[in-house]
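A closer look at the structure
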Amino acid sequence: MRTTLKIVLPLIVSVSAVSLLFAAYQVRTEKRILRNDLSRRAEILGESLQESVEPLLERAPERSLQRLVDRFGQREHLKGVAVYNAAGTALAITSSLSPIFRMRPSVATRAAQADKGAGEFLSAEQTILLNKEDAVPIHIYALPLHRDDEVVGTLALFHDTSYIDKQVSRTLRDSLLNAFVQTVLITGLALILVRWTFTGPLTRTATWLRTLRTGQPHGPPNVPQGEIFDALHQEVTHLARDLNTARAAAEEEARLRDSNASLWTAERLRVLWTAERLRVSVRNKLQEKPLYVVSNREPYMHVFNEKDKSVNVIIPASGVVTALEPVLLACNGTWIANGSGNADREAVDAQDHLRVPPDRPSYTLRRVWLSDEEDRGYYEGFSNEGLWPLCHIAHTRPMFRPDDWLQYQKINRRFADAVLHEMAGTESPILLAQDYHFALLPRMVKEARPDARVAIFWHIPWPNPEVFGICPWQRELVDGLLGADLIGFHIQSHCNNFLETVDRAVEALTEWDRFAVNRQGHVTRVRPYPISVAFPENSRRVNQARSAGAERAALCAEMGIEASLLGVGVDRVDYTKGILERFRGIERFLELNPAYQRRFTFAQIGAPSRTDIERYKNFLDEVGAEAERINARFQSSRWKPIVFLKKHHSHEEIARFYHAASFCMVTSLHDGMNLVAKEYAASRDDERGVLILSTFAGAAHELSDALLVNPYDISQLADAIHRALEMPEEEQGARMRRMRQTVREHNVYRWAAHLLSDLTEIRIEIPDRMEVPMPL
Ligand code: F6P
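This is a predicted model, so every value here is computed, not measured. (Residues numbered from 1 in each chain as written. Predicted model: local features only at pLDDT ≥ 70, side-chain atom pairs only at ≥ 80, totals over all residues. Heavy atoms only, no water.)

1. With respect to a positive patch on the surface
What counts is decided by this rule: Patch membership requires over 30% relative accessible area and the absence of a salt bridge. Like charges are linked within 9 Å, and nonpolar side chains (Val, Leu, Ile, Met, Phe, Trp, Tyr) within 5 Å. Methods summary: accessible areas were calculated by the Shrake-Rupley approach with a probe of 1.4 Å, and residue burial reflects only the protein chains presented. Whenever a carboxyl oxygen of Asp or Glu lies within 4 Å of a side-chain nitrogen of Lys or Arg, that contact is scored as a salt bridge. Under the convention used here, Asp and Glu are negative, Lys and Arg are positive, and both His and the chain ends fall outside the count. Each charge is placed at NZ for Lys, CZ for Arg, CG for Asp and CD for Glu. A helix here means a DSSP run of H or I that spans at least four residues, while a strand means a run of E at least two residues long, and both kinds are numbered starting from the N terminus. A 1.4 Å probe rolled over the protein chains alone gives each residue an accessible area, and that area as a share of the maximum for its type sets the label: buried under 20%, exposed over 50%, partly exposed in between.
Where like charges cluster on the molecular surface, the positive patch consists of Arg63, Arg67, Arg71 and Arg75. One can find arginine 67 in helix 2 (residues 61-72). Using a relative accessible area of 56% as the deciding quantity, one classes arginine 67 as exposed.

2. Quick look at the side chain of aspartate 451
To be explicit about the condition: The term polar contact refers here to a pair of N or O atoms within 3.5 Å; inside protein, the definition further demands a hydrogen-donor-capable atom paired with an acceptor-capable atom, and it admits residues adjacent in sequence only when both atoms are side-chain atoms. Contacts are residue-level and defined by heavy atoms, with any inter-residue pair within 4.5 Å sufficient.
Looking at the secondary structure, you find aspartate 451 in the loop between helix 13 (441-448) and strand 13 (453-457). Judged by its relative accessible area of 3%, aspartate 451 is buried. At 2.9 Å, the side chain of aspartate 451 forms a polar contact with the side chain of arginine 449. Setting aside anything within four residues of it in sequence, one finds aspartate 451 in contact with Thr426, Glu427, Ser428, Pro429, Ile764, Ile766, Met770 and Val772.

3. Considerations on the sheet that holds strand 9 (residues 334-338)
Note the following rule: In this description, strands pair whenever DSSP reports at least two bridges between them. In this analysis an axis means a line fitted to C-alpha atoms, helices contributing only their contacting stretch, and an angle means the value between N-to-C directions, from 0 to 180 degrees.
The sheet built from 10 strands is open, its strands ordered 10-11-9-6-12-13-14-17-16-15 with mixed pairing. Where the open sheet ends on each side, the last strands, each with one partner, are strand 10 (353-356) and strand 15 (509-511). Looking at each pair of strands side by side, their axes are set apart by 20 degrees on average, direction ignored. Strand contacts of helix 16 (residues 492-505): strand 14 (486-489), strand 15, strand 16 (516-519) and strand 17 (522-528), with the helix running at about 150 degrees to strand 17, the strand carrying the most contacts.

4. Observations regarding a negative patch on the surface
Taken together, the side chains of Glu58, Asp115, Asp148, Asp149 and Glu150 present a region of like negative charge at the surface. You can see aspartate 115 is positioned in the loop between helix 3 (106-114) and strand 3 (118-122). Assessed through its relative accessible area of 40%, aspartate 115 is described here as partly exposed.

Below, the structure written as structure tokens:
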């Protein structure tokens, strides 16, 4: 209440002051208008009288003049008329006029002297001085009277002006009343608005903050949407997340200390890697040197919103982004990537840099530009029609076109130059190159900067040498990769396949005992680093206002269906993800278990991906058509088995489905790791829900508590769905707890820490006369 008063009191004072000023102005204006009007009327009347009086001055003046004066003395507000001779004595005067005016008043003297009309207002007080009995405010207008162009007297008109004062008092009273009503109304409305839009939400926000501080996180309170509160809540959510993570890390550390895990090695294995720990560890290892990351996909895309012409920032659906963003947030540094958003150029500075994330800038994004032709050859062609199907062995024929290969080489060179440009001036820089788009880049960078420590992480599977041998440029690709000091894969079998490919493709010494390759004196280590996600310690609960049941009901209403059980799949729409097989598994499940019809719905979130490639465009259509076919078989008026949500979804939107779904289905036909599987486990802090996971995804090596399936076996998929929906809560809890513990310990900070630790421990031979290139 006191706060409201503090806001409202100055408002009352200001509104009253303004209203009073306005009232004063109105009164002044009214008075001026009435006086001007009277003066003008007096002038007109005076002039017409002047014409009648002047001829009478010659002939029998006294009587005729008196008649005239008496006739005119009866008009509205006109108190009287007087005619004076040159000496100032009245020749004729309205009888009701005060005797004092028998002598010419001063204004009439002035008119005679100046030989022109003059007017004057006298207040009641001034007339008291002249005439005690007749004390009213008056206006006198005087005009010279002529004979043969000579001033021989004066004519004076006396108006009673008390009607002006009355009118002005009325106006003053009305204006004051108006001012009062306005002040009451405006202040009252302001009071309601302030309470509704400001103090109320602020009080609720303060209560929310208190719950966050005391470690009982709730979703943000229900407050009106708007810039101030959105920004405030975003900041608070970040703060709460950081606070929770720090609190959880501290708790975990204390727990481990308490459990006497004193052996360093045991501790290294058991202690959690957190953003903070990675930051400290990387700072020690890098000795304040920045970290460089290069990938094709950028972490933030700026895109024009066609509807309102605004620019939206999108986080692309990409495993690389999911994994590397937390590392960059922890370590600062520069991420070099392809600027692929159609508004990307608007967001960068002259060096093609921008600080990201937009809401809490923590590291630098350097964008590299490609023409459509380059993108077609390097990205769509060689990377995604060649290497992608080659490495995934998912029954799509790889296409290797010489033109695409030329573009691939050219763009690897362009990114290598951008990396070298960013590194200029930094001694012994550290580079983490990402993925199959940049197989040639490690050697290009290393040749120019032998002092750099270069690692490349291959995010997709590496096939056996027979399969890889299909590629006409396998030698060049392997040679480019061997320019790196360290090559990382998700799992050991991909490392084995790579070493076998090296054996067959190039001349090099493969050292199987220590998983290294020696090519022309340069040694490359090959190691498995299972990539992961940042485990959100408690933080998800901050955004999770609803129970799983309520969230499911809300999502079903949004999807326009009625269902009491939900399953979810989250994928880029890619033929390697086994989406069609998954749908057929659902179809089979419903055939075998009709009791689940009209109860269970599968929501497939599908971000359209690489749609400029024919195979992907067709696949997107195939997925839609398959969902429709199955729906047509089973659907009823308010229910259907599959809802295909064909669009990019934000992390927050996906989190709602994870929270509401009874199970999540990952059925990749072949996958390097698949972070959706880990994200799902990480998000289920209620320790409920079941993960159905393909044995052909790298994640299956770590998440053995998932229901592991062969996605080609449709009956097995149907069985797994049935098992997931029937699984007792206790079993769900036990499995989910173990999976969460795995993801929590093997999180992305651990992935980055191990990779960076191994990279920094490598001894680098730097040529004697090597000079560090300086920035241009
Ligand atoms: O799986 C490897 C990967 O690079 C992922 O990080 C990502 O999901 C995908 O491939 C690349 O997708 P895009 O072509 O859209 O960048």
